[in-house]
Amino acid sequence: MESVYCNGCGIKIQTEDEGAPGYAPASALRHDPVICRRCFRLQHYNEVQDVPMTGDDFLKLLSQISGRKGLVVYLVDIFDFSGSWVPGLQRFVGNNPVLMVGNKLDLLPKSTNPNKLTSWLRRSAKELGLRPLDVLLMSAEKNMGIDQVIEEMNDYRKGKDIYVVGVTNVGKSTFINHLIRAVGQQEGTITTSHFPGTTLDFIGIPLDDGQMLYDTPGIVNLHQAAHFISEKDYRQVMPTREIKPVVFQLNEGQTLFLGGMGRIDYIGPGRRSLIVYTSNRLTVHRTRTDHADDLFHRQYGQLLSPPSRTRGLPELKSYDFRTDGLNTDIVFSGLGWVTVKGRGAQIHVFAPESISVSRRTSIIKG
Ligand SMILES: Nc1nc2c(ncn2[C@@H]2O[C@H](COP(=O)(O)OP(=O)(O)OP(=O)(O)O)[C@@H](O)[C@H]2O)c(=O)[nH]1
Ligand SMILES: [Mg+2]
């Protein structure tokens, strides 16, 4: 029998072993396009089933790209840049050119300055050893900025294939479905979901000159919020619509808790505004710094949640910042950021090791 591949996740279809990847009942083979049972359940019931594939299996698949010729489109989630980083990306892409695209722009406030955001992405990429041809922003879901991405993909691929790569959940398949719909030449859609690890193998979409565009399985980066908090907590910290900033006026010696996942102590000087940009389902709590340790011990997982408490208190890593420029963002990867207004503020930050904390010049206009 000729091999059949799932139209939803790319895995090879088999009809014998219900517990193994790619299972579909024999009757499913009569449908066109064919999808595996896992994709059927994800698409119709939003129900996830684990697959016995590991991060290493995905890395092995991805490493094939270095031996091929084409344009690599590297998608990152602008809300979780550290979590979007693919360690050793350069090794996988070989000498192929890379176009970097920041996705999920719809989650950022309208007042975001796109130029400041792209320079931050460009600088961060450079620090990590990657020099993309260009850095673009888009929302695959809300159809923002996609036309420019398509234009640059066509210019830079120079008649070759395109590989869309990135960690799990950044929106690769959502983006490709948009392209498929725009062209209108292919049946069915690729499975997308808010669970990481949805796409399982390369899925090729023919381009008009006979070359291919490939969706690829997401690489697992354990720094991604989805991997170290529960599904319920993930839904709370991951915004689903435009973030609405909340302004706090802090006196010296006051502290803000971002649920139980981040803490900012404002040391001084003077009274100043801190603006919180996180999902509106994350409770922000203000207290006096000299009460903060005690509150954390008593209320972690309760008043200070998510996370909803499961095990003991997490180990926290601490950071010291002194803002020099005008407005500075303290970024909590996967959670959002807090803008500290004005220069010369002294800040002490705590977060679990899994959440990376960094600073950047504020990306908000003005
Ligand atoms: N807000 C927002 N959500 C998005 C956007 N693009 C994708 N998503 C959501 O992000 C989640 C993951 O999308 P997928 O397209 O399945 O991501 P993927 O990169 O293909 O994931 P894997 O196949 O696991 O590697 C889904 O819940 C999408 O709805 C976007 O532009 N904005
Ligand atoms: Mg996918």
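Note that this is a predicted model, so its numbers are computed, not measured.

Student: Which residues make up the domain arrangement of the chain, and what values do they have?
Tutor: For an interface, size is often stated in terms of accessible area lost upon the parts coming together. When its domains are assigned, the chain resolves into domain 1 (53-221) and domain 2 (235-361). The C-alpha centroid of domain 2 is placed 30 Å from the C-alpha centroid of domain 1. Taken together, the contact between domain 1 and domain 2 spans 14 residues of the former and 16 residues of the latter. Across the domain 1/domain 2 interface, buried area totals approximately 1,300 Å², and carbon plus sulfur atoms make up 59% of it.

Student: Which residues make up the nonpolar core, and what values go with them?
Tutor: Within the largest apolar cluster, 101 residues are counted, with the highest numbers of intra-cluster contacts made by Tyr74, Met153, Phe175 and Phe332. Split by domain, this core shows at least three residues from each of two domains, domain 1 (53-221) and domain 2 (235-361). Setting aside residues no more than four positions away along its own chain, phenylalanine 332 makes contact with Leu258, Gly262, Arg263, Ile264, Trp337, Val338, Val349, Phe350, Ala351, Ile355, Ser356 and Val357. Phe257, Leu295, Tyr300 and Leu304 belong to the second largest nonpolar core, which has six residues in total.

Student: Would you mind going over the sheet that holds strand β10 (residues 272-278) in detail, with residue names and values included?
Tutor: The strand order across the open sheet built from five strands is β7-β10-β14-β13-β16, with neighbouring strands paired in antiparallel fashion. The open sheet has two free edges, formed respectively by β7 (246-250) and β16 (357-361), since each of these has just one partner strand. Going from strand to strand, the sheet's axes swing by 25° on average, the running direction of each strand aside. Here five bridges tie strand β13 (residues 328-332) to β16, and the two strands are oriented antiparallel to one another. Each bridged residue has a counterpart across the sheet, and for isoleucine 330 the counterpart in β16 is arginine 359.

Student: Could you give an account of the coordination of the magnesium ion (ligand 2), naming the residues involved and the relevant values?
Tutor: For the magnesium ion (ligand 2), the full set of protein donor atoms is Ser173 (OG) and Thr199 (OG1), at a range of 2.0 to 2.2 Å. In this pair, serine 173 sits in helix α7 (residues 172-183) while threonine 199 sits in the loop between α7 and β5 (203-206), placing the two residues 26 residues apart along the sequence. For the pair serine 173 and threonine 199, one class covers both residues: buried.

Student: Mind laying out the site of ligand 1, listing which residues take part and the relevant values?
Tutor: In the vicinity of ligand 1 there are 22 residues, among which Asp106, Glu141, Lys172, Thr174 and Thr198 approach most closely. Aspartate 106 places a polar side-chain atom, nitrogen or oxygen, 2.7 Å from a nitrogen atom of ligand 1. Residue asparagine 169 places a main-chain N or O atom 2.9 Å away from an oxygen atom belonging to ligand 1. Look at ligand 1: alone it shows 660 Å² of surface, and the protein chains cover 92% of it.

Student: Can you break down the pattern of salt bridges residue by residue, with the values?
Tutor: Applying the stated criterion across every chain, the model contains 13 salt bridges. For the salt bridge of lysine 104 with aspartate 77, the shortest nitrogen-to-oxygen distance reads 3.6 Å. Here lysine 104, found in the loop between β2 (98-103) and α5 (114-127), pairs with aspartate 77, found in strand β1 (residues 70-77); they are 27 residues apart in sequence, far enough to count as distant. Within this structure, Lys110, Glu242 and Lys244 form a network of salt bridges that share partners.

Student: Can you break down the sheet that holds strand β4 (residues 161-165) residue by residue, with the values?
Tutor: Pairing is mixed across the open sheet formed by six strands, whose spatial order is β3-β2-β1-β4-β6-β5. A strand with exactly one partner marks an edge of an open sheet, and here the two such strands are β3 (135-137) and β5. Adjacent strand axes in the sheet meet at a mean angle of 25° when their direction is disregarded. Sheet strands touched by α5: β1, β2 and β3. Its angle to β3, the strand with the most contacts, is close to 135°. Sheet strands in contact with helix α6 (residues 146-157) are β1, β2, β3, β4 and β6 (212-215), and its direction is about 170° off that of β2.

Cut-off values and rules
Residues numbered from 1 in each chain as written. Chains lettered and ligands numbered in written order. Predicted model: local features only at pLDDT ≥ 70, side-chain atom pairs only at ≥ 80, totals over all residues. Heavy atoms only, no water. Domains from an automatic or database assignment. Contact = heavy atoms within 4.5 Å. Buried area = accessible area lost by both parts, 1.4 Å probe. Core = buried A, V, L, I, M, F, W, Y, C linked by side-chain atoms within 4.5 Å. Buried < 20%, exposed > 50% of the residue type's maximum accessible area, 1.4 Å probe, protein only. Pairing = 2+ DSSP bridges. Helix = DSSP H or I, 4+ residues; strand = E, 2+ residues; numbered from the N terminus. Axes fitted to C-alpha atoms, helices over the stretch in contact; angles between N-to-C directions. Donors = N, O, S within 2.8 Å, 3.2 Å for Na, K, Ca; no water. Near = heavy atom within 4 Å. Polar contact = N/O pair within 3.5 Å; in protein donor to acceptor, adjacent residues only side chain to side chain. Areas by Shrake-Rupley, 256 points an atom, 1.4 Å probe, with all protein chains shown as cover. Salt bridge = Lys/Arg side-chain N within 4 Å of Asp/Glu carboxyl O.

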